[in-house]
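Here's the letter readout for the chains.
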Amino acid sequence: MAEQYDLIVIGTGPGGYVCAIRAAQLGQKVAVVEKRAQHGGTCLNVGCIPSKALLHASELYEEAGHKFAGMGINVSPSLDLAQMQTYKAEGIKGNVDGVAFLLKKNKIDTFHGLGRIDGAGQVSVIADGGETTSLTTKNIVIATGSDVAHLPGIEIDEKTVVSSTGALELDVVPAKMLVIGAGVIGLELGSVWRRLGAKVHVVEFLDRILPGMDADVAKQFQRILKKQGMSFQLGTKVTGVAANASGGHSVTVEPAAGGDAKTVDADVVLVCIGRTPYTEGLGLEAAGVEMEGRGLIKVDAHFQTNVPGIYAIGDVIRGPMLAHKAEDEGVAVAEILSGQAGHVNYDVIPGVIYTAPEVATVGKTEEELKEAGIAYTVGKFPFLANGRAKVNKATDGFVKVLADATTDRILGVHMIGPHVGELIAEAAVIMEFGGSAEDLARTCHAHPTLAEAVKEAAMAVAGRAVHM
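Parameters at a glance
- Residues numbered from 1 in each chain as written.
- Predicted model: local features only at pLDDT ≥ 70, side-chain atom pairs only at ≥ 80, totals over all residues.
- Heavy atoms only, no water.
- Salt bridge = Lys/Arg side-chain N within 4 Å of Asp/Glu carboxyl O.
- Helix = DSSP H or I, 4+ residues; strand = E, 2+ residues; numbered from the N terminus.
- Buried < 20%, exposed > 50% of the residue type's maximum accessible area, 1.4 Å probe, protein only.
- Phe/Tyr/Trp six-rings, centres within 6.5 Å; stacked < 30°, edge-to-face > 60°.
- Lys NZ or Arg CZ within 6 Å of the ring centre and 35° of its normal.
- Contact = heavy atoms within 4.5 Å.

J.: Please explain the pattern of salt bridges as it appears in this structure.
T.: Pairs can form between side chains of opposite charge once their charged atoms are near each other. For the coordinates displayed, the defined rule picks out 18 salt bridges. Put simply, D214 and K400 hold a salt bridge, and the shortest N to O gap is 2.9 Å. Taken together, the residues span a long stretch of sequence, with D214 in the loop between β10 (199-203) and α7 (215-228) and K400 in strand β23 (residues 398-404) at a distance of 186 residues. When its relative accessible area of 0% is taken as the criterion, D214 is described as buried. For K400, a relative accessible area of 1% translates into the label buried. For E290, the salt bridge goes to K298, with nearest N and O atoms at 3.5 Å. Given the relative accessible area of 36%, K298 is considered partly exposed. Residues joined by salt bridges that share partners form a network here, namely D214, D216, E366, K380 and K400.

As structure tokens, then:
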């Protein structure tokens with residue numbers, strides 16, 4: 001007789017494994033199904049974790065070559081790319097092994113293979129060899145994440161025409177890299193290879209980088225990246241990629257609004273035009289699960305699909321495709337299934353770009369507030385006026401606080417500068433508790449720290465920044 005589970009989670013990326021662990025903590029009998037040989041999903045295997053390893057290593061390499069001498073440290077670094085890739089692999093292993101340990105610690109049964117929903121409460125696990133295991137459960141959570149989006153007519157071979165996955169595995173630094181798409185992933189990975197010696201050219205269909213992000217931040221970020229050596233071709237579409245005689249590629253581009261086509265040569269072409277929900281082989285149509293635009297699974301306010309007992313979280317449902325958003329949804333649905341009031345505040349989900357300098361944002365942008373007709377005030381403070389940033393010679397960027405003009409409640413915070421990926425948590429916490437710019441301005445911050453720039457930006461909302 002098949003074992004009866006309270007919950008089966010399909011996918012063990014950040015959303016899936018966190019959901020499973022929280023449900024187990026609450027006393028549910030849980031199983032997970034994972035198509036990969038190891039847990040962690042895209043994030044731990046070919047996304048967040050390996051990219052941060054290469055970003056960190058390449059940043060240190062560039063600092064050693066260009067900044068250490070100014071601090072009285074004389075070195076001549078040489079690149080061992082194979083060892084850098086080993087360093088990355090070790091980081092991945094440590095993380096995925098950690099997830100496996102946590103699943104075992106919480107007495108969660110694990111099944112490896114493709115998960116298919118055969119109806120409410122019925123899941124089949126199809127192993128690589130074709131063997132099928134049938135599982136029964138009260139509830140199912142789909143947490144299968146997303147896959148790279150493809151550009152029609154351009155074949156990704158993960159060698160010289162690569163997605164984000166292939167860009168993490170290059171064994172030679174290309175002389176010229178062309179990045180299609182000026183979003184978060186393209187700019188992060190472009191930064192890695194530029195620091196290691198590639199000449200990086202970014203082609204973007206829209207007339208700006210980072211669509212949807214605060215315009216002030218995007219403009220300054222582009223200026224900084226150009227100063228670092230990246231080049232940009234905005235308002236331009238890629239219409240073809242063809243191999244050339246040198247072993248690289250000739251990329252055909254033309255103005256997005258129409259015009260004459262030109263070619264740009266590159267040794268490696270990185271296609272980063274976004275991600276699409278991964279629902280292939282899940283049996284959603286046969287199970288009667290309703291879908292919505294862009295291939296997303298339609299869910300209600302409690303993450304349940306139109307089929308009772310089938311839920312979905314993370315990249316397969318609407319909202320930003322971010323690991324921490326999926327984690328919070330995983331916790332929420334586990335708590336809902338345990339009779340608690342799980343909830344996700346979608347107005348306070350931070351986003352970070354892990355370049356140097358970093359970019360971090362949470363809440364509404366000025367453009368969104370204007371479009372909604374909400375009156376707001378702005379406080380802005382540059383890192384150039386921050387003592388810690390000055391002494392560290394890391395003065396690019398600023399902090400911007402947006403507050404309601406009537407209530408002073410903080411509506412959004414946007415930063416570009418050193419370590420702002422860590423500083424944004426302060427903004428998220430105060431926004432989660434409905435805090436005001438005055439609350440933040442009155443909170444004592446240690447000196448000298450980069451976080452003082454956040455306090456000063458909050459003070460600037462009322463026109464009383466001290467160091468500017």
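J.: Before we go on, may I ask you to explain the packing of aromatic side chains in this structure?
T.: Within a pair of aromatic rings, the relevant descriptors are the distance that separates the centres and the angle that separates the planes. Per the stated rule, a full pass over the model turns up one aromatic pair. Summarising the aromatic geometry, the rings of Y5 and F111 are spaced 6.5 Å apart at their centres and angled 85 degrees between planes, so their arrangement reads as edge-to-face. Linking Y5 in strand β1 (residues 4-10) with F111 in strand β3 (residues 109-112), this pair joins segments that are 106 residues apart in sequence. Look at Y5 and you get buried, because its relative accessible area is 2%. One residue, K35, lies across the ring of Y278, its end atom 3.6 Å from the ring centre. Taking the ring centre of F398 as reference, the NZ or CZ of K380 above it sits at 4.3 Å.

J.: Before we go on, may I ask you to explain the environment of L206 in this structure?
T.: Tracing the sequence through the fold places L206 in the loop between β10 and α7. For L206, a relative accessible area of 36% corresponds to the partly exposed category. Other than its neighbours up to four places away in sequence, L206 contacts P211, L234 and G235.

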